[in-house]
Amino acid sequence: MSSLSRSVLWDKMRQYYSEMGPSVWQQEIVPLHITSNKYLSDVYVSMIIAHIKDCIANKHIHSKQPFYILEIGAGHGKFSYYVLKSLLSALELHQMPTSLIRYVVTDISPKNIHSCAQHPKLKPYIEQGVLDFACYNAESDETLNLIHHEISIGAEQLLNPMFIICNYLFDTLSHDAFQVEGDELHEVQVHVTEKSEQSKNTKDNAHYFANIAYRFVNKKTSLSYYDDPILNSILREYVDLFERASFLMPIGGFRCLKNIARLTRSHFALLIADKGVSDTDLFDECSEPDIAEHGSISMMVNIDGLSRYFRLIGGFSMLTSNKSTDFQVAFFCSNNTQEFPESHYNFNQHVNHFSPHDLFSLCYDKSDRQSKNKSIDQLIAILQLSRWDPSTFIDLNDLLIEQAAQVNNEQKLTLIDGVKKAFEFFFRLEDALDLPFEVGRLLYAIDEFEQALDFFYESLNQFGDSEDVYYNIALSLDEMDEEQKAIQTLEHLLTQWPDHQDAKALLRELTNR
């Protein structure tokens, strides 16, 4: 038996992400869409711009250094791209120089950092000097070593306020588990066992978490459980508040925040999107910790505990008003001695009034991932709300194609403009998400054959040979009265996929005309 935070789980988690690298997202083993989409990135950009404007108004900036934006546990880099691309546009719109910011992508896995640094969508920002990378252990590292600028950032070396982005991070860092019984605090300790002898003898970290079991035991403990008096104060507040309750302490997240705070002489602002609970009324009475397995593992983040932490260090928090969802977006700031009206206004407008989870509720029906009752206008409205997020477009594309015959000219122009926006932000990551092909399918369905052809060829360029793509190229060429080219394309297709029946049928039809 051991404390949950001292169990083998967290070492295994670090090994898992270090060894698997970007493949966990390329193969869609670990979920990413809800925290890596255009809508959320635009929310973050609006908050960053608003907070910078507040800092300027408060005369709280130093011109010798940029505002550092650290994305901790960035992993795949898709969200980094969305934020950075939109942020640079926003800076230009607000007549602020790009030199005002420096975005740093960090991750514990060297494989992930290498993959991000080599991605063609991120390379221009490296060359521009606004993007850098660092291998960083969020729970233990006290310095930040930038790869491209070749500088090491240590204690109090940053002069301006910092921005920290932590999406789906704290739920994967170490946690402690507790229960309140009357006026007593009990630690929930864990014993981790492997389910079979075969799993005990393998070093396969890729399937480790699917092959383990947990046994939990409660043990009475002290209200001075931690070395940190702030964390002990949170424990005392919960014991005073509850008669019976279970709660988690995101100790890995707290360690991360302490390490980050040391880097700057100013304050820091934290933007977080994660699975979690932000209201103590929603804490379970007395239950075992829930450890979700999805390739890796994750736990519900105690957002209320984070809010208490920031209050106790002299800061403040802004939490979503929608408590009915376990996906929470929040803004925390370690400085409550000044006014931040722009920050408060933007959070209220862009998160409280309509949150990223609200958008997902519109996009995806709980009983059926894609609700089949939406009209073309409703689908367009959702895509407009999503900022034509590439993954959202792919998820809804079949519904658009089913109704393509009813599309009027105004809707067609909106769709053509929208798919180009989606493609502009396309960051190739997931193996199965071929956006150029999906754009081509929709353009073909609305009789835009020449434009569809361009995207089909782009699909071949990015994803390689595909029987479906070649077949759609042949269909497009046929609609454009390019029969000979269509025949050549089908013949090429059949040399690689000789059993493609639709291609055979179309080839016979074309040759017999």
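About the criteria used
- Residues numbered from 1 in each chain as written.
- Predicted model: local features only at pLDDT ≥ 70, side-chain atom pairs only at ≥ 80, totals over all residues.
- Heavy atoms only, no water.
- Helix = DSSP H or I, 4+ residues; strand = E, 2+ residues; numbered from the N terminus.
- Buried < 20%, exposed > 50% of the residue type's maximum accessible area, 1.4 Å probe, protein only.
- Contact = heavy atoms within 4.5 Å.
- Polar contact = N/O pair within 3.5 Å; in protein donor to acceptor, adjacent residues only side chain to side chain.
- Pairing = 2+ DSSP bridges.
- Salt bridge = Lys/Arg side-chain N within 4 Å of Asp/Glu carboxyl O.
- Phe/Tyr/Trp six-rings, centres within 6.5 Å; stacked < 30°, edge-to-face > 60°.
- Lys NZ or Arg CZ within 6 Å of the ring centre and 35° of its normal.
- Core = buried A, V, L, I, M, F, W, Y, C linked by side-chain atoms within 4.5 Å.

Topologically, glutamate 139 is positioned in the loop between strand S4 (131-135) and strand S5 (144-146). Judged by its relative accessible area of 12%, glutamate 139 is buried. Apart from residues no more than four positions distant in its own chain, glutamate 139 is found in contact with Arg14, Leu173, Ser174, Gly252, Arg255 and Asn259.

All right, on to the environment of proline 229 then. Looking at where proline 229 falls in the secondary structure, it is placed in helix H8 (residues 229-241). We classify proline 229 as exposed; its relative accessible area is 57%.

For the rest of this paragraph, the subject is the environment of serine 174. Note on placement: serine 174 falls in the loop between strand S7 (162-167) and strand S8 (176-181). Assessed through its relative accessible area of 1%, serine 174 is described here as buried. Put simply, serine 174 and tryptophan 10 are 164 residues apart on the chain and 6.0 Å apart in space, counted from C-alpha to C-alpha. Those residues in contact with serine 174 that lie beyond four places of it in its chain are Ser5, Trp10, Glu139, Met249, Pro250, Ile251, Gly252 and Arg255. Within the structure, serine 174 has its side chain in polar contact with the side chain of arginine 255 (distance 3.5 Å).

For the rest of this paragraph, the subject is the pairing of strand S9 (residues 184-194). Judged from the two bridges that link them, strand S1 (residues 2-3) and S9 form a sheet pairing that is antiparallel. Pairing of serine 3 across the sheet is with glutamine 189, part of S9. Between S8 and S9, which pair antiparallel and follow one another directly, the connecting turn spans two residues, one of which, glycine 182, has a positive phi of 65 degrees. Pairing between S9 and strand S10 (residues 212-221): ten bridges, direction antiparallel. Note that in S10 the partner of threonine 193 across the bridge is alanine 213.

Let us look at the pattern of salt bridges. Using the criterion set out here, one finds 19 salt bridges in the structure. Between lysine 38 and aspartate 42 there is a salt bridge; the shortest N-O distance is 3.3 Å. Placement of the pair is lysine 38 and aspartate 42 together in helix H3 (residues 38-57), with a separation of four residues, close to one helical turn. Just as lysine 38 is buried, aspartate 42 falls in that class too. In this structure, aspartate 228 and lysine 258 form a salt bridge, with 3.4 Å as the shortest nitrogen-oxygen distance. Note that aspartate 228 is positioned in the loop between S10 and H8 and lysine 258 in helix H9 (residues 251-261), a separation of 30 residues in sequence. Connected through salt bridges with shared partners, the residues Asp11, Arg14, Glu139 and Arg255 form a single ionic network.

Attention shifts here to the packing of aromatic side chains. Within this structure, the stated rule accounts for 34 aromatic pairs. Between tyrosine 81 and phenylalanine 425, the ring centres sit 6.2 Å apart and the planes meet at 55 degrees, which makes this aromatic pair tilted. Highlighted residues: tyrosine 81 in helix H4 (residues 78-93) and phenylalanine 425 in the loop between helix H15 (409-424) and helix H16 (435-445), separated in sequence by 344 residues. Under the relative-accessibility criterion, tyrosine 81 is labelled buried at 3%. Residue classification places phenylalanine 425 among the buried positions, given a relative accessible area of 11%. Look at tyrosine 208 and phenylalanine 209: their rings are 5.1 Å apart centre to centre, the planes differ by 80 degrees, and that puts the pair in the edge-to-face class. The pair tyrosine 208 / phenylalanine 209 is uniform in exposure class, with both members buried. These aromatic residues form a ring-pair network of at least three members: Phe178, Tyr225, Tyr226, Tyr238, Phe242, Phe247 and Phe283. Sitting above the plane of the phenylalanine 425 ring, lysine 85 keeps its charged end 5.2 Å from the centroid. Looking at arginine 428, its charged tip hangs above the ring of phenylalanine 463, at a distance of 4.1 Å from the centre.

Glancing now at the nonpolar core. Leu9, Tyr44, Ile101, Leu131, Phe331 and Phe393 are the most contacted members of the largest nonpolar core, which totals 129 residues. Examining the composition of this core, we find that ten residues originate from one element, H3, more than from any other. Those residues in contact with leucine 9 that lie beyond four places of it in its chain are Leu4, Val192, Phe209, Ile212, Tyr214, Ile291 and Ile297. Judged by nonpolar contacts, the second largest core, of 49 residues, contains Ala134, Phe178, Phe247 and Phe332.

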